[in-house]
Amino acid sequence: MAFDFKKEYKGFYMPKKEPGIVTVPRVNYAAVRGQGDPNLEDGEYKQAIGLLYGIAYTIKMSAKGGHSIEGFFDHVVPPLEGFWWQEGARGVDYARKEDFRWISVIRLPDFVTPEDFAWAVSEAERKKKADFSKAEFFSYDEGLCVQCMHVGPFDDEPATVAKMHEYMEAQGFVLDISARRLHHEIYLSDARKTAPDKLKTVIRHPIRKL
């Protein structure tokens, strides 16, 4: 059976609807950076998602294509994630979507080295006949965070974020968002196929002790 990150690491991918504190280890991602409203049809964000899935499935299917990656194991492609910020804002302002800056990511299995990633980019370019040069191997050590499962439309996230911040303060923590520690979302639902009130999104914010 294929390894499923969501099932094997439930503490990171399937948190409760109430906030909790978690320490997230360093993770490697396929990443594409960009800016602007993610809802724009054929916009930069949606193009980035196409690049990420192209690479992720190239790696997943590498063995069937005859390419050997040391340590390879069959796996379910992990969910899409994103790190978000806006210049001059602490956190994110959902009313200013055009000002979003983001790093869109998909987790890489631990066996993927930077060299394996470079092969996957080249192979995806060859097969898709498209430019994948914006994709990068991105390593991120998230550390201590508060997180919560948000169920509902993306625009309703501020209520969940407020609950998270209230909880962390009661536990003796303060928000630690910075240029290096960012608002993080993990998308467990396909927004194209799921009703807005059913969407499941993990929201995670970096914190530190008072």
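Residues numbered from 1 in each chain as written. Predicted model: local features only at pLDDT ≥ 70, side-chain atom pairs only at ≥ 80, totals over all residues. Heavy atoms only, no water.

**Q** Could you give an account of the overall build of the protein chain, naming the residues involved and the relevant values?
**A** Looking only at helices and strands, the protein chain has five helices and seven strands in total. Secondary structure elements in the protein chain, listed N-terminal to C-terminal, are α-α-β-α-β-β-α-β-α-β-β-β. A compact globule built from 210 residues should have a C-alpha radius of gyration of about 17 Å, and the protein chain, at 17 Å, falls within 12% of that. Per-residue burial over the protein chain gives 47% buried out of 210 residues. Summarising the internal contacts of the protein chain: among those between residues at least 6 apart in sequence, 75% fall at separations of at least 24. As presented, the protein chain carries roughly 11,100 Å² of accessible surface, and 51% of it is formed by carbon and sulfur atoms. Computed over 30 positive and 32 negative side-chain charges, the separation of the two mean positions in the protein chain equals 4 Å. (Helix = DSSP H or I, 4+ residues; strand = E, 2+ residues; numbered from the N terminus. Rg over C-alpha atoms; globule rule 2.2 N^0.38 Å. Buried < 20%, exposed > 50% of the residue type's maximum accessible area, 1.4 Å probe, protein only. Contact = heavy atoms within 4.5 Å. Areas by Shrake-Rupley, 256 points an atom, 1.4 Å probe, with all protein chains shown as cover. Lys, Arg positive; Asp, Glu negative; His and termini not counted. Charge placed at Lys NZ, Arg CZ, Asp CG, Glu CD.)

**Q** Tell me about the pattern of salt bridges, and please be specific about residues and values.
**A** Overall, the coordinates contain 16 salt bridges when judged by the stated rule. The closest approach of N and O atoms between K127 and E123, which form a salt bridge, is 3.9 Å. With a gap of four residues between them, K127 and E123 both fall in helix α4 (residues 114–128), about one helical turn apart. With a relative accessible area of 53%, K127 lands in the exposed category. (Salt bridge = Lys/Arg side-chain N within 4 Å of Asp/Glu carboxyl O.)

**Q** Can you tell me about empty space enclosed by the protein, naming the residues and giving the values?
**A** For the structure on display, the rule yields two cavities of 30 Å³ or more. Its boundaries defined by the atoms lining it, the largest cavity holds a volume of some 60 Å³. The wall of the largest cavity is formed by F12, Y13, V24, V27, Y29, E81, R107, I186 and R204. Looking at the lining of the largest cavity, the elements with two or more residues in it are α2 (10–13) and β1 (20–35). With three residues, the single largest contributor to the lining of the largest cavity is β1. In terms of lining residues, the second largest cavity is bounded by A56, I59, H75, V77, P78, I106, R107, L108 and P109. Put simply, the parts of the chain that give the lining of the second largest cavity at least two residues each are α3 (44–60) and β3 (101–107). (1 Å grid on protein atoms, 1.4 Å probe; cavity = no way out; pocket = protein on both sides within 12 Å on 5 of 7 lines; lining within 4 Å. Points joined across faces, edges and corners; volume = space filled by probe spheres on them.)

**Q** Help me get a handle on the nonpolar core, residues and values and all.
**A** Of all hydrophobic cores here, the largest spans 39 residues; its most connected members are Y45, I55, I59, L80, W84 and F117. For this core, the leading source of residues is α3, giving eight residues. (Core = buried A, V, L, I, M, F, W, Y, C linked by side-chain atoms within 4.5 Å.)

**Q** Outline the layout of surface pockets, supporting the account with residue identities and numerical values.
**A** Estimated volume of the largest pocket: approximately 940 Å³. As for the largest pocket, its lining consists of 31 residues, and the residues nearest its centre are Y45, I49, L80, F154 and A191. It is α3 that provides the largest number of residues to the lining of the largest pocket, a total of five residues. The class makeup of the residues in the lining of the largest pocket is 21 nonpolar, two polar and eight charged. (Nonpolar A, V, L, I, M, F, W, Y, C, P; charged D, E, K, R; others polar.)

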